[in-house]
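Residues per chain, in single letters:
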Amino acid sequence: MTTNVDDLATRILDGGPGSTEAEALAVLQAPDADLMAVVAAAGRLRRAHFGNTVKVNYLVNLKSGLCPENCNYCSQAMGSDAPILKYSWLSQDEALRQAGAGLAGGATRVCMVSSGRGPSERDIDRVVGMTEAIKSAYDGVEVCACLGLLKDGQAERLKDAGVDAYNHNINTAESHHENIVQTHTYADRVDTIGKAKAAGISPCSGLIAGLGETDEQLVEALFALRDLESDSIPVNFLMPFDGTPYENTWELSPTRCVKILAMARFVCPDREIRIAAGREMHLRSLQALALQVANSFFLGDYLTSEGQDARADLEMLRDNGFVILGNEEAFTDGSLDHVLDATMAAAHAADTADSADAVVGACGSASAGCGTGCGGCGSHAPADKPAIRRRGAGTEVPANA
C-alpha cells in the first residue's frame, strides 16, 4: 500500500489532519492481502470513539411502493416492476405495533420510512402522531424519520413531536447523481439535509455503493457527507431487484464492501457508520468483520427485502464481543432471552394441522417448501436475488425481530 494505514490512524487519533482524498482512495484500493491491516487500523478509530458498542436500528416501512420518483436503483420507484409489497399508510396503532416488535427484539432506534417525493402536511400529521405514540410507550427510544424531500416548516414540526434524526441519503457523488435519478437533483437532497439540521434534528445521510460509480466518486461522496456533517452515515450495498434498471448488476465483493466501510471510518472517524441494506447479500461471511470498523446496523428486515433472521443478527453481536448501544446489559440481563433462546426447528417443523407437506418458514408463514408463499425466507432465497419481504409491516405475518 502507498498509504500506511496504521500511521494514518495514529495521526488522526493524535489530533492531526484527517484523511486526505488520496489516502482514502488508497484505503479503498488496498490489495485484499492487506485487508486485515486496513481493518485493524480503522478498528482503532472505531474503538476510540465507540468502544465495543453497536447501535441497533429497526426499520418500519410506513408506506410501500407507489413512488413517483424514478430512482433507478429503487424497487419502489416509478417504472419499477419489482414484485414488492405495495400499500398505503399504516395506521398509528399498526406503526406502534411494528415499532414495538423491533424494540422488543433489541433495537434502540426506530426508523420510520415512507415512499414518495416528500410528505404532505397530512403526512406530517400522521408521523407526528406516530412519533408521540412511540415516545409515550417506550422510554428512551430514538425515532428517525425518512419521508423524502422536506418543505419549509416541516422539519420543525417533526422536531417538536420528538423526532431525533432525519434520514435523507445523498446516495452517490454529485458528479454521478444524474445518472441514477432524473426527477430530482443532488441539490434537492442537500437542501433537505440542511432543513433537518436547521431545525435541530440530527442529520442522517449516506450512500449506496455499486451504482456504477468510480472509486473516485465513492471518495467524493464520503467527503461530501463529512462536509454535510452527517451524524449517521448509512452505507448501503446495491440490491439488484428484478424489474429495476439495475437488475443483475453485480459490482461488489465482500472484501470491497469492508474496504468501503473502512474508508468511511477513516474519512469520518467519529461518526456513526451504519451497515445498511445489502449487508447479508454482499458482506456474507464478513459481516462480523465489518462491524470491527462500522458501529451500527439494521436488525431484521429492510424496506422491501428480507434480512437474515433477527436472532442471527443478535448472536453475531454477542459472539463477537459487542454490546447494544443504549442497552448494554441486554445479553446478560435476560431481556433478549426470548429471542436468543428461540429455536428455528419449530419455524420449519411440519404444519400437521394443515398439511403434512406444508412447512412454516422462518418468516412465520406456512408454505410448501418454505420460500413460496412468503416470497422467500432469507436463508432460502437465491444468493443472487434479493428476498422480497412478505412479513412485518403491511402483512399479517409477524415481523422478523
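Preceding block: the structure.
Residues numbered from 1 in each chain as written. Predicted model: local features only at pLDDT ≥ 70, side-chain atom pairs only at ≥ 80, totals over all residues. Heavy atoms only, no water.

A.B. asks: Could you clarify how one ought to interpret the overall build of the protein chain in this entry?
C.D. replies: Each helix and strand counted, the protein chain has 14 helices and 12 strands in total. Buried residues in the protein chain amount to 59% of all 401 residues. Counted over contacts in the protein chain with a minimum sequence separation of 6, partners at least 24 positions apart contribute 72%. If you sum the accessible surface of the protein chain, you get close to 15,200 Å²; carbon and sulfur atoms cover 50% of it. (Helix = DSSP H or I, 4+ residues; strand = E, 2+ residues; numbered from the N terminus. Buried < 20%, exposed > 50% of the residue type's maximum accessible area, 1.4 Å probe, protein only. Contact = heavy atoms within 4.5 Å. Areas by Shrake-Rupley, 256 points an atom, 1.4 Å probe, with all protein chains shown as cover.)

A.B. asks: In this structure, what is going on with the side chain of Glu-213? I would like to understand it.
C.D. replies: Within the element layout of this structure, Glu-213 appears in the loop between β6 (207-209) and α8 (215-227). For the buried Glu-213, no salt bridge exists, and the shortest N-O distance to an oppositely charged side chain is 5.1 Å, to Arg-256. Within polar-contact distance, the side chain of Glu-213 engages the backbone nitrogen of Gly-210 at 2.8 Å. Looking at Glu-213, its side chain comes within polar contact range of the main-chain nitrogen of Leu-211, at 2.7 Å. The contacts of Glu-213, once residues within four sequence positions are left out, are Thr-172, His-176, Ile-208, Leu-218 and Glu-251. (Lys, Arg positive; Asp, Glu negative; His and termini not counted. Salt bridge = Lys/Arg side-chain N within 4 Å of Asp/Glu carboxyl O. Polar contact = N/O pair within 3.5 Å; in protein donor to acceptor, adjacent residues only side chain to side chain.)

A.B. asks: Sorry if this is basic, but what is going on with helix α5 (residues 121-137) here?
C.D. replies: Since there are 3.6 residues in each turn of an α-helix, residues three or four apart along the chain are aligned in direction. For α5, built from 17 residues, the straight-helix expectation of 24 Å at 1.5 Å per residue is met to within 8% by its first-to-last C-alpha distance of 24 Å. The complete set of buried residues in α5 reads Asp-123, Ile-124, Val-127, Val-128, Gly-129, Met-130, Thr-131, Ala-133 and Ile-134. Residues of α5 that are buried make contact with β1 (53-63), α4 (92-104), β2 (109-114), β3 (142-146) and α6 (154-161). (Expected span 1.5 Å × (residues − 1).)

A.B. asks: Just to check I follow, could you spell out the pairing of β1 for this structure?
C.D. replies: Sheet faces and side chains relate simply in a regular strand, where the side chains alternate between the two faces. By the criterion of burial, β1 is predominantly enclosed, with 11 of the 11 residues buried. Here β1 pairs with strand β10 (residues 323-324) via 2 bridges, running parallel. Across the sheet, Thr-53 pairs through a bridge with Val-323, a residue of β10. Of the pairings in the sheet, the one linking β1 to strand β9 (residues 296-298) comprises 3 bridges and is parallel in character. Residue pairing for β9: Asn-57 is matched across the bridge by Phe-298. In this structure, β1 lies alongside β2, joined through 6 bridges in parallel fashion. Paired with Val-60 across the strands is Met-112, a residue of β2. Handedness of the crossover joining β1 and β2 through α4 is recorded here as right-handed. (Pairing = 2+ DSSP bridges. Right-handed = clockwise from strand over helix to strand, strands pointing away.)

A.B. asks: Mind showing me how you'd approach the packing of aromatic side chains here?
C.D. replies: Across all of its chains, the model carries 1 aromatic pair by this definition. Each ring, one from Phe-298 and one from Tyr-302, has its centre 6.4 Å from the other, and the planes form 85°; the classification is edge-to-face. In this structure, Phe-298 and Tyr-302 share a single accessibility class: buried. (Phe/Tyr/Trp six-rings, centres within 6.5 Å; stacked < 30°, edge-to-face > 60°.)

A.B. asks: How should I be thinking about a negative patch on the surface in this particular structure?
C.D. replies: On the surface, a cluster of negative charge is contributed by Glu-328, Glu-329, Asp-333, Asp-337 and Asp-341. Mapped onto the secondary structure, Asp-337 falls in helix α13 (residues 337-340). Here Asp-337 falls in the partly exposed class, since its relative accessible area comes to 35%. (Patch = residues over 30% accessible without salt bridge, like charges linked within 9 Å, V, L, I, M, F, W, Y side chains within 5 Å. Charge placed at Lys NZ, Arg CZ, Asp CG, Glu CD.)

A.B. asks: In this structure, what is going on with the packing of α4 against α5? I would like to understand it.
C.D. replies: Between two packed helices, both the angle of their axes relative to each other and the distance between the axes serve to describe the pair. The N-to-C vectors of α4 and α5 enclose an angle of 45°; their axes lie 9 Å apart at closest approach. Put simply, α4 runs oblique to α5. Relative to α5, the crossing made by α4 is right-handed. Contact residues: Gln-92, Ala-95, Leu-96 and Ala-99 in α4; Gly-129, Met-130, Ala-133, Ile-134 and Ala-137 in α5. (Axes fitted to C-alpha atoms, helices over the stretch in contact; angles between N-to-C directions. Parallel < 35°, antiparallel > 145°, perpendicular 65-115°, else oblique. Left-handed = near helix turned anticlockwise from the far one by under 90°.)

So, to be careful, I would describe these as geometric facts and stop short of saying anything about function.
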